[in-house]
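Chain residues, written in single-letter form:
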Amino acid sequence: QSVLTQPPSLSAAPGQKVTFSCSGSSSNIGNNYVSWYQHFPGTVPKLLIYDNDQRPSGIPARFSGSKSGTSATLVITGLQTGDEADYYCGAWDSRLNVMFLGGGTKLTVL
Amino acid sequence: QVQLVQTGAEVRRPGASVTVSCRTSGYTFTNFDINWVRQATGQGLEWMGWMNPNSGNTYYPQKFQGRVTMTRDTSISTAYMELTNLRYEDTAVYYCVRAFRGTAFGGHIDYYLHYWGQGTRVTVAS
């Protein structure tokens, strides 16, 4: 069981908006920055969001992140079939001095 | 451009050891942590630890302590991850990852996994 809690799966139709949640604690999300990763099975994971809400170059504005307290959120708008992948949140834990990754959420685009 | 190139697939028997190498280029090797992350079949991503290539300091989560060792050769900008006493459940794809580490005002840690190697499949089979 991961310290950063994510729902195992989400589904939505093309064109819709989907919201991923990531719940942690004061020693990780509550006091440090959150990142998000996109992973298509069989390929290399990719950094999607860093510093809670920043997108690396090349990541479309349809992807956005935010943080409030000990929880973080990733939103995808204008959902596309090509967005079907696994999404992981991550944050440094200051108490344990480790990088935590959430268990991941599998997105299905119906 | 930043590149991390890993060794090819490996097959080992239970109880054996494996070393995966990660050759980096396109940046100053000693300026950024190297992390290792794995994904077993049907499982999520699992963080295995980090190494500071400048100092050689490492940190491993409790699950891997005693079995994993991360080292580096700064002369060839290459990081290594050795996993010993392999078990069937260690069958996975292993990734080396260049991380960004920063500390913001107030002591908030900014740490994320930025550039990923292509992955190395390690199969443990008898």
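Model, not experiment: these values are computed from the prediction.

Trainee: How should I be thinking about the overall build of chain A in this particular structure?
Mentor: Scanning chain A for helices and strands turns up 0 helices and 9 strands. Listing every helix and strand of chain A by position from the N terminus yields β-β-β-β-β-β-β-β-β. Against the 2.2 N^0.38 benchmark of 13 Å for 110 residues, chain A shows a C-alpha radius of gyration of 13 Å, consistent with a compact globule. With respect to the three principal axes, the spread of C-alpha positions in chain A is 40 × 30 × 25 Å. Burial analysis of chain A (110 residues in total) assigns 46% to the buried set. Taking as baseline every contact in chain A between residues at least 6 positions apart, the subset at least 24 positions apart corresponds to 58%. Counting only carbon and sulfur atoms, one obtains 48% of the accessible surface of chain A, whose full area is about 4,700 Å². Within chain A, one finds 7 positive and 6 negative side-chain charges whose respective centroids are separated by 3 Å.

Trainee: Looking at this structure, I do not really get the side chain of Asp 33 of chain B. What am I missing?
Mentor: All names here are of chain B. Along the chain, Asp 33 turns up in the loop between strand S3 (18-25) and strand S4 (34-40). One polar contact links Asp 33 to Tyr 111, side chain to side chain, over a distance of 2.9 Å. Once you skip the residues sitting within four places of it in the chain, Asp 33 turns out to touch Trp 50, Met 51, Asn 52, Pro 53, Val 97, Arg 98, Ala 99, Arg 101 and Tyr 111.

Trainee: Sorry, what's going on with the interface of chain B and chain A here?
Mentor: Between chain B and chain A, the residue contacts involve 22 residues of the former and 21 residues of the latter. Here chain B meets chain A over a buried area of about 2,000 Å², counting both sides, of which 65% is carbon and sulfur. Counting across the interface, chain B meets chain A through 0 salt bridges. Run the count over chain B and chain A and you get 7 residue pairs in polar contact (both at pLDDT 80 or more). Every element with two or more residues in the side of chain B that touches chain A is listed here: S4, strand S5 (45-51), strand S9 (92-103) and strand S10 (109-116) of chain B. Examining the composition of the side of chain B that touches chain A, we find that 7 residues originate from one element, S10 of chain B, more than from any other.

Trainee: Explanation requested: the environment of Ser 35 of chain A in the structure shown.
Mentor: Examined against the element boundaries, Ser 35 of chain A turns out to sit in strand S3 (residues 34-39). It is 21 Å that separates the C-alpha atoms of Ser 35 of chain A and Ser 11 of chain A, two residues lying 24 residues apart in sequence. If we skip the residues at most four places from it in the chain, Ser 35 of chain A touches Leu 47, Ile 49, Tyr 50, Tyr 88, Cys 89, Gly 90 and Met 99 of chain A together with Tyr 111 and Tyr 112 of chain B. At a separation of 2.7 Å, a polar atom in the side chain of Ser 35 of chain A contacts the side chain of Tyr 37 of chain A.

Trainee: Is there a simple way to think about the packing of aromatic side chains in this case?
Mentor: Two measures describe an aromatic ring pair: the distance that separates the ring centres and the angle between the ring planes. Counted by the stated rule, this structure contains 9 aromatic pairs over all chains. On the basis of an interplanar angle of 45° and a centroid distance of 4.8 Å, the ring pair of Phe 20 of chain A and Tyr 87 of chain A is categorised as tilted. Taken together, the positions of Phe 20 of chain A in strand S2 (residues 18-23) and Tyr 87 of chain A in strand S7 (residues 86-93) put the pair 67 residues apart, joining distant regions of the chain. With a relative accessible area of 0%, Phe 20 of chain A lands in the buried category. Seen in terms of ring centroids, Tyr 95 of chain B and Trp 116 of chain B are 5.7 Å apart; in terms of plane orientation they differ by 80°. Their pairing is edge-to-face. Pair noted here: Tyr 95 of chain B is in strand S9 and Trp 116 of chain B is in strand S10, with a separation of 21 residues, a long-range link. Neither Tyr 95 of chain B nor Trp 116 of chain B differs from the other in exposure class; each is buried.

Trainee: Honestly, the pattern of salt bridges in this entry has me stumped. Any pointers?
Mentor: Two side chains of opposite charge can pair, provided their charged atoms sit close to one another. For the structure on display, the rule yields 7 salt bridges over all chains. Across the pair Arg 62 of chain A and Asp 83 of chain A runs a salt bridge, and its minimum N-O distance is 2.8 Å. Taken together, the residues span a long stretch of sequence, with Arg 62 of chain A in the loop between strand S4 (46-49) and strand S5 (63-68) and Asp 83 of chain A in the loop between strand S6 (71-76) and S7 at a distance of 21 residues. Exposure remark for Arg 62 of chain A: the relative accessible area of 18% places this residue in the buried category. A relative accessible area of 4% places Asp 83 of chain A in the buried class. The closest approach of N and O atoms between Asp 33 of chain B and Arg 101 of chain B, which form a salt bridge, is 2.9 Å. With a gap of 68 residues between them, Asp 33 of chain B in the loop between S3 and S4 and Arg 101 of chain B in strand S9 connect regions that are remote in the sequence. The exposure class assigned to Arg 101 of chain B is partly exposed, which follows from its relative accessible area of 36%. Where salt bridges share partners, they join Arg 38, Glu 46, Lys 63, Arg 67 and Asp 90 of chain B into one cluster.

What counts as what
Residues numbered from 1 in each chain as written. Chains lettered and ligands numbered in written order. Predicted model: local features only at pLDDT ≥ 70, side-chain atom pairs only at ≥ 80, totals over all residues. Heavy atoms only, no water. Helix = DSSP H or I, 4+ residues; strand = E, 2+ residues; numbered from the N terminus. Rg over C-alpha atoms; globule rule 2.2 N^0.38 Å. Buried < 20%, exposed > 50% of the residue type's maximum accessible area, 1.4 Å probe, protein only. Contact = heavy atoms within 4.5 Å. Areas by Shrake-Rupley, 256 points an atom, 1.4 Å probe, with all protein chains shown as cover. Lys, Arg positive; Asp, Glu negative; His and termini not counted. Charge placed at Lys NZ, Arg CZ, Asp CG, Glu CD. Polar contact = N/O pair within 3.5 Å; in protein donor to acceptor, adjacent residues only side chain to side chain. Buried area = accessible area lost by both parts, 1.4 Å probe. Salt bridge = Lys/Arg side-chain N within 4 Å of Asp/Glu carboxyl O. Phe/Tyr/Trp six-rings, centres within 6.5 Å; stacked < 30°, edge-to-face > 60°.

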